[in-house]
Amino acid sequence: FPIALCHTGVHVGAVIALGAGAVSFAHIVKASEPVVTCALNAVLLGQVLPLPVYATLLPIIGGVAIASMKELSFTYLALASAMLSNVSSAARGVLSKKTMSGKQIGENLDAQNLYAVLTAMSTVILIPLML
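Attention in this report is confined to the structure presented alongside it. (Residues numbered from 1 in each chain as written. Predicted model: local features only at pLDDT ≥ 70, side-chain atom pairs only at ≥ 80, totals over all residues. Heavy atoms only, no water.)

**Things to note about the side chain of His7**
Turning to step 1, where the next piece is worked out: Note that His7 resides in helix 1 (residues 2-20).
Turning to step 2, where the next piece is worked out: The residues touching His7, leaving out its near neighbours within four places in the chain, are Arg92, Tyr115, Leu118, Thr119 and Ser122. (Helix = DSSP H or I, 4+ residues; strand = E, 2+ residues; numbered from the N terminus. Contact = heavy atoms within 4.5 Å.)

Here it is in C-alpha cells:
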C-alpha cells in the first residue's frame, strides 16, 4: 500500500504542477529526480554509492538551477507539486526495489506486473478524491 500511495503522489503532483505553472518549469524540476532517488537510497536502504556516481549529479543540479533562475512563470505551487512528484517517484522506485529484491512475493509478480498492480491500487485511491 505505501508504494501505491507513492504512485498516486507521482500522478497527482505532476498534474498539479503542470496546471499551476509552465509545463517547461514542471519538467525542469522533475529533471532533478535522480538526485532525490540517490538521497532516498541512502536514507531508506543505507546504500551509499561511490563518489563518482554522486559527482555525475552535479551537472543535473547545476542545469536545474540555471534553467529555474530564468523561469518567468514561477509559482510555489508548481514547485511544491513537482517536488511531490519527484519525491513520490523516487520513493516508489526505492520501495519497489526493496520489495522486489530477494524474496519471492508472488507467483507471477515481476516488475511489469507490480507496476500494473500499483496502477490499479492508485486508481482505487484516487476514486474518492475525484468524487
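**Thoughts on helix 6 (residues 76-100)**
Turning to step 1, where the next piece is worked out: Compared with an ideal rise of 1.5 Å per residue, which puts 25 residues at 36 Å, helix 6 spans 35 Å between its outermost C-alpha atoms and is within 8% of the ideal.
Turning to step 2, where the next piece is worked out: Among all positions of helix 6, only Ala78, Ser81, Ala82, Ser85, Asn86, Ser88, Ser89, Ala90, Ala91, Arg92, Val94 and Ser96 are buried.
Turning to step 3, where the next piece is worked out: In this fold, the buried residues of helix 6 make contact with helix 1, helix 2 (23-30), helix 3 (33-45) and helix 7 (111-130). (Expected span 1.5 Å × (residues − 1). Buried < 20%, exposed > 50% of the residue type's maximum accessible area, 1.4 Å probe, protein only.)

**A few points about helix 3**
Turning to step 1, where the next piece is worked out: Between its terminal C-alpha atoms helix 3 stretches 17 Å, which fits the 18 Å expected from 13 residues at 1.5 Å a residue.
Turning to step 2, where the next piece is worked out: Along helix 3, the positions that sit buried rather than exposed are Val36, Cys38, Leu40 and Asn41.
Turning to step 3, where the next piece is worked out: Gly46, located one to two residues past helix 3, shows a positive phi value of around 70°.

**Considerations on the packing of helix 1 against helix 6**
Turning to step 1, where the next piece is worked out: Close contact between helix 1 and helix 6 brings their axes to 7 Å; oriented N to C, the two are set at 155°. Our classification of the angle between helix 1 and helix 6 gives roughly antiparallel. With respect to the hand of their crossing, helix 1 and helix 6 are arranged in left-handed fashion.
Turning to step 2, where the next piece is worked out: Its residues assigned to classes, the contact of helix 1 with helix 6 comprises 14 nonpolar, 9 polar and 1 charged. (Axes fitted to C-alpha atoms, helices over the stretch in contact; angles between N-to-C directions. Parallel < 35°, antiparallel > 145°, perpendicular 65-115°, else oblique. Left-handed = near helix turned anticlockwise from the far one by under 90°. Nonpolar A, V, L, I, M, F, W, Y, C, P; charged D, E, K, R; others polar.)

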